[in-house]
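Descriptive analysis of the structure
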Amino acid sequence: MWRDIVLRLRALFFRRRMDDELQEELHFHIEMEARKNRRRDLDPAEAERQARLKFGSVVSATEECREQRGMSSIEILAKDVRFGLRMLRKSPGFTAVAVLTLALSIGANAVVFGVINAMILRPLNVPRAESLYSIHRVSDNSASQSYPGYLDLRDRNRSFEDLAGYNVLRAGLDAGENPSRVWLLAVSGNYFDVLGIQPHLGRVFHGSDEHGPNSAPYIVLSHAYWHSRFQDDPGVVGRVVQVNKHPFTIIGVAPPDFTGTLLFFSPDFFLPMVNQEQVEGTSILNARGTRWIFMTMGHLKAGVTPAQAAADVNSIGADLEKTYPKDHAQMIFALARPSLYGDYLGRPVRAFLTALMLLAGLILLAACANLGSLFSARAADRSREVALRLALGAGRMRILRQLFTEAVLISLMGGAIGLWGSVELLRWLSVWQPFPQFPINLPVSPDANLYGVALLLALASGLLFGAVPVRQVLRTDPYEIVKSGSIGRIGRRITVRDLLLVVQIAICAVLVTSSMVAVRGLVRSMHSGLGFEPRNAMLVGTGLEMAGYRGDAVPTMQKRMIDAMETIPGAASVGLVDLPPLANATGNGAIVFTDETTDLAPANAAATSMIFKISPDYFRAAGTALLSGRTFTSHDDKDAPHVAVVNQEFARKIFGSANNAMGRYYKRRDGTRIQVVGIVEDGKYGNLTEDPEPAMFLPLLQSPSSEIWLVMRSNADPQQLTAAIKSRLRDLDAGLPSFIQTWNQGLDLVLFPSRVATVSLGLLGVMGAMLSITGIFGLAAYSVSKRKRELGIRIALGAERREVLQAALGRAFKLLAFGSAAGLFLGILASRVLASIVYQATPRDPLVLAGVVLAMLLLGLLATWIPAQRALSIDPVILLREE
Amino acid sequence: MASDQSRLDLLQGTLDLLILRALRAGAMHGWAISERIELISQDVLQVNQGSLYPALHRLEHRGWIKAEWGVSELGRRARFYSLTASGRKRLEIEAENWGRLSEAIARVLRMA
């Protein structure tokens, strides 16, 4: 068999050479024959003549030899493909549905595989990634070490070639103009050498550049940051820039494909961690108990297994625990991969992606099952054609081959479209930055593996659903069919296929319900109960610390910033806050005590309250309603009595009710008595789904903060405002880094989970809808083609259109109604789970209920449109003549 | 056409058997095969040389013989055929079948 294929392929591709060889062979034979004749003393011409005579026609021998090669499979394939394309063009509805279904389900699989490939399968983009391991604590999976701890591990281990460490830091970078907040990696001097990274430009620093604290003021830029910030300027090497007001020299640029060893995270540049004090303000290089190095890692020496290395590191750890009992504990380690922070991120990511892959695989399987029944319907429609071909002597294999060719054609078309879509999506995902203030992205660019998998999936699914009608074709009896037409055996029993369809419809309805609930909740959460108004407000993050402001310089500068902002045309009000609500997941909190409490132990605390340090105009700028009392003035400074504005929940928790709270006192942990001078509405502070939290607002003048956000309320265009704010800040201090966005953009982080949930539910809903459509379509098409004769007779006997439709599609709609009802019910139950992710997600919403019913109805109409048209267009006259 | 086909079929079967048998002696080119068959059958069997080559190609496709270019005894390039393992097995079966068939025919002829 194999040999046959090889020879046939050879025959196809080397036809010319095969023919030449054949000629050579035949002529050799004749020559040998002539030679024999010559030996019998015939003259050469006669010898040749007799040899040719004996051989017979060379041409016909050639022809027969060629025939032995047979009609090449590939020629048959080409014929089948042409025929298949013609058949598909004849039923564009079927083709479109099938191709679209496969495009969606193969696309979904390709996207999930693309992510798995990038996150789990593909090794890290460094040389010899297979021997690179990081050191993790067994107790909590953390890889962090203190600097002295790292040095001990680096110098005393015998398993690693060398050990590097890094930490993630944020800083202000002033490169002459446009100072900005950046993310950097503070790395050990040997970092690049350990990883084997060669510079794209200039040089990288080495272990030999380090000579104690603050001895190596060098920067290696990441390629992306070099591109975006310095426009690929090669002259940047050698330039001195300010990092948090300390001079550093740019000595090189990292290669384009190197963004550190943590997937997701792309730092702007690298600097030696011995200079950590200049970035962070205080030195922690000698603090043995402070585990601030994020991760340590290195290549294992040749022949050393991870388990051996872990044992080696553990013996050092045990020794350190003994020598420094106060500083080191739980020094039991295991080795893991650095790219997803070992199992810490790796396990949930792997679990999530595996689940997703399973889901996508199930979707593809269900799609194949549905397409299989569609295909059976088609095969039933074509039973006369098949019977005719069988009667004319075509082999059943040949007919099956034709059907499979059609199936694979469809699946390849679907696969190509799906792959194209998924490649686009992955490209978009890999440049997508979900949070502008964090350098987080998904490096999931597609590669050859993805194309291979998509092709395989397409072929496999084509063969899978193409196999469904095989039995039907094999059973076809040409004699019976040509004689009496297709035999309609109408199943009344509930089949597995029906059950499968109901399940699909139900799942689809669940997903449609959930996504509608999620969308409604998301929309509603943007408009109520936030405790501030994110529309028409700008948020400006500034780092006074990064620009070198300390002590009394901070409030002075803050006052000047407010004054400068207020001169911007269209600025209605400007306020300051140390950290805006909903800016990140945690926020700042502190315990508070009632005024009567004397023992200020944590156990006696009355509540844990959020803290916001604000300027007098903050409430106006933020759009937070002051319900009673007053806000702060510039007289509430550090010489005045301590005052606070609290929210209603705070007042309820500490004083019993809002009315009681005005003018009353409460205490903080350090014993400070604070008087409540105003009450504001409740809001959301940490995340959108939290219960009402107590919050206190303190005047910035009484509790200063150098981490400051400006809040500006204005109806003006955000882009113009951004430019104006930028120029005002530059006038104040050209070295002050800032980060400007609208407040709505500032909510991206807290809205992320609900947005992701909504989008994924929506996508799954689309998948579910697609499955239901093809499922119903398949069932309806099958029942119409099976019952064609019965329907024709009904029409001939004068049945109304409605009755015909009912007869043809009643079953499909019954299943649809049943599935939808089950799905809606389950969806309402599932929404309770959803409410923990999406704020105010409730299914008891007439719009949602109506929407689901409408969506399912529309889906049913769409799915049965083509079969219904066919049922109505049955012409009994033609039908009776034909069959 | 049809009668031609059936005659060919019969010939094919026998010719295949003869080729396989001839090749048991070792690899040889097409002309040598026909010479050998004629020689051993003492010229009783005349190989139709026009159908020899289609038969060789057919056997090659079935994997019973394999072909390689080599150098003939006169120093010319020639295509040498040799038995494959499955060809050897085939030869045994065919030879046995042929033996049974010819015995049976002989018996029938004797009876008549």
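Refer to the structure printed above.
Model, not experiment: these values are computed from the prediction.

As for the overall build of chain A
Secondary structure summary: chain A contains 29 helices and 21 strands in total. Within chain A, buried positions represent 50% of all 883 residues. Considering only contacts within chain A whose residues lie at least 6 apart along the sequence, 80% involve residues at least 24 apart. Split by element, the accessible area of chain A, about 40,700 Å² in all, is 60% carbon and sulfur.

Here's the deal with the packing of helix H19 (residues 553-566) of chain A against helix H23 (residues 718-732) of chain A
All names here are of chain A. It is the contact of H19 with H23, at a shortest axis distance of 10 Å, that shows an interaxial angle of 140 degrees. If you check the angle between H19 and H23, you find them oblique. When you trace H19 past H23, the crossing you get is right-handed. For the pair formed by H19 and H23, the contact residues are Met557, Arg560, Met561, Ala564 and Met565 on the first element and Ile725, Arg728, Leu729 and Leu732 on the second. When grouped by side-chain class, the residues that make up the contact of H19 with H23 number seven nonpolar, no polar and two charged.

With respect to the pairing of strand S11 (residues 537-543) of chain A
Two faces belong to every sheet, and in a regular strand the side chains alternate between them. Residues and elements named next belong to chain A. Along S11, seven of the seven residues are buried, which leaves the element largely enclosed by surrounding structure. Covered by surrounding structure in S11 are Ala537, Leu539, Gly541 and Gly543 together with Met538, Val540 and Thr542, the residues of both alternating faces. For S11 and strand S20 (residues 707-714), the ladder comprises seven bridges, and the chain directions are antiparallel. When the bridges of S20 are listed, Leu539 appears paired with Val711. Summarising the sheet, S11 and strand S21 (residues 738-742) pair through five bridges and their orientation is antiparallel. Bridge pairing in S21 links Met538 to Thr742.

Overview of helix H7 (residues 147-156) of chain A
Taken together, the buried positions of H7 of chain A are occupied by Tyr147, Pro148, Gly149, Tyr150, Asp152 and Leu153 of chain A. On its buried side, H7 of chain A packs onto strand S1 (132-137), strand S2 (164-174), strand S9 (295-299) and helix H11 (306-323) of chain A.

Things to note about the pattern of salt bridges
Close approach of charged atoms lets side chains of opposite charge pair. Residues and elements named next belong to chain A. Using the criterion set out here, one finds 34 salt bridges over all chains in the structure. The salt bridge involving Lys638 is made with Asp552; its shortest N-O contact spans 3.8 Å. Residue Lys638 is located in the loop between strand S15 (626-629) and strand S16 (643-647), and its partner Asp552 is located in the loop between S11 and H19; the two are separated by 86 residues in the primary sequence. Among the salt bridges present, the one from Arg652 reaches Glu649, with a minimum N-O distance of 3.1 Å. Highlighted residues: Arg652 and Glu649, both in helix H21 (residues 648-655), separated by three residues, approximately one helical turn. On the accessibility criterion, Arg652 (40% relative accessible area) is partly exposed. Overall, the relative accessible area of 13% leaves Glu649 in the buried class. It is possible to trace a salt-bridge network through shared partners that takes in Glu649, Arg652, Lys653 and Asp682.

A look at helix H25 (residues 748-786) of chain A
Since the α-helix advances by 3.6 residues per turn, residues separated by three or four positions end up pointing in the same direction. For H25 of chain A, which comprises 39 residues, the first-to-last C-alpha distance of 54 Å matches the rise-based estimate of 57 Å (1.5 Å per residue) to within 8%. Along H25 of chain A, the helix axis deviates most sharply at Ser754 of chain A, where the bend reaches about 30 degrees.

Overview of the interface of chain B and chain A
Facing the 29 residues of chain B at the interface are 23 residues of chain A. Buried area between chain B and chain A, summed over both chains or domains, comes out near 2,500 Å², and the portion from carbon and sulfur atoms is 55%. In this structure, the connection of chain B to chain A is made through five salt bridges. Counting across the chain B and chain A interface gives nine residue pairs in polar contact (both at pLDDT 80 or more). Breaking the side of chain B that touches chain A down by element, the ones donating at least two residues are helix H2 (30-40), helix H3 (49-62), strand S2 (65-71) and strand S3 (77-83) of chain B.

Observations concerning the sheet that holds strand S1 (residues 28-29) of chain B
Residues and elements named next belong to chain B. Strand order in this open sheet of three strands is S1-S3-S2, and the pairing throughout is antiparallel. The sheet terminates laterally at S1 and S2, the two strands that pair on one side only. Of the pairings in the sheet, the one linking S1 to S3 comprises two bridges and is antiparallel in character. Bridge pairing links His29 to Phe80 in S3.

Parameters at a glance
- Residues numbered from 1 in each chain as written.
- Chains lettered and ligands numbered in written order.
- Predicted model: local features only at pLDDT ≥ 70, side-chain atom pairs only at ≥ 80, totals over all residues.
- Heavy atoms only, no water.
- Helix = DSSP H or I, 4+ residues; strand = E, 2+ residues; numbered from the N terminus.
- Buried < 20%, exposed > 50% of the residue type's maximum accessible area, 1.4 Å probe, protein only.
- Contact = heavy atoms within 4.5 Å.
- Areas by Shrake-Rupley, 256 points an atom, 1.4 Å probe, with all protein chains shown as cover.
- Axes fitted to C-alpha atoms, helices over the stretch in contact; angles between N-to-C directions.
- Parallel < 35°, antiparallel > 145°, perpendicular 65-115°, else oblique.
- Left-handed = near helix turned anticlockwise from the far one by under 90°.
- Nonpolar A, V, L, I, M, F, W, Y, C, P; charged D, E, K, R; others polar.
- Pairing = 2+ DSSP bridges.
- Salt bridge = Lys/Arg side-chain N within 4 Å of Asp/Glu carboxyl O.
- Expected span 1.5 Å × (residues − 1).
- Bend = angle between axes of the 7 residues up to and from the residue.
- Buried area = accessible area lost by both parts, 1.4 Å probe.
- Polar contact = N/O pair within 3.5 Å; in protein donor to acceptor, adjacent residues only side chain to side chain.

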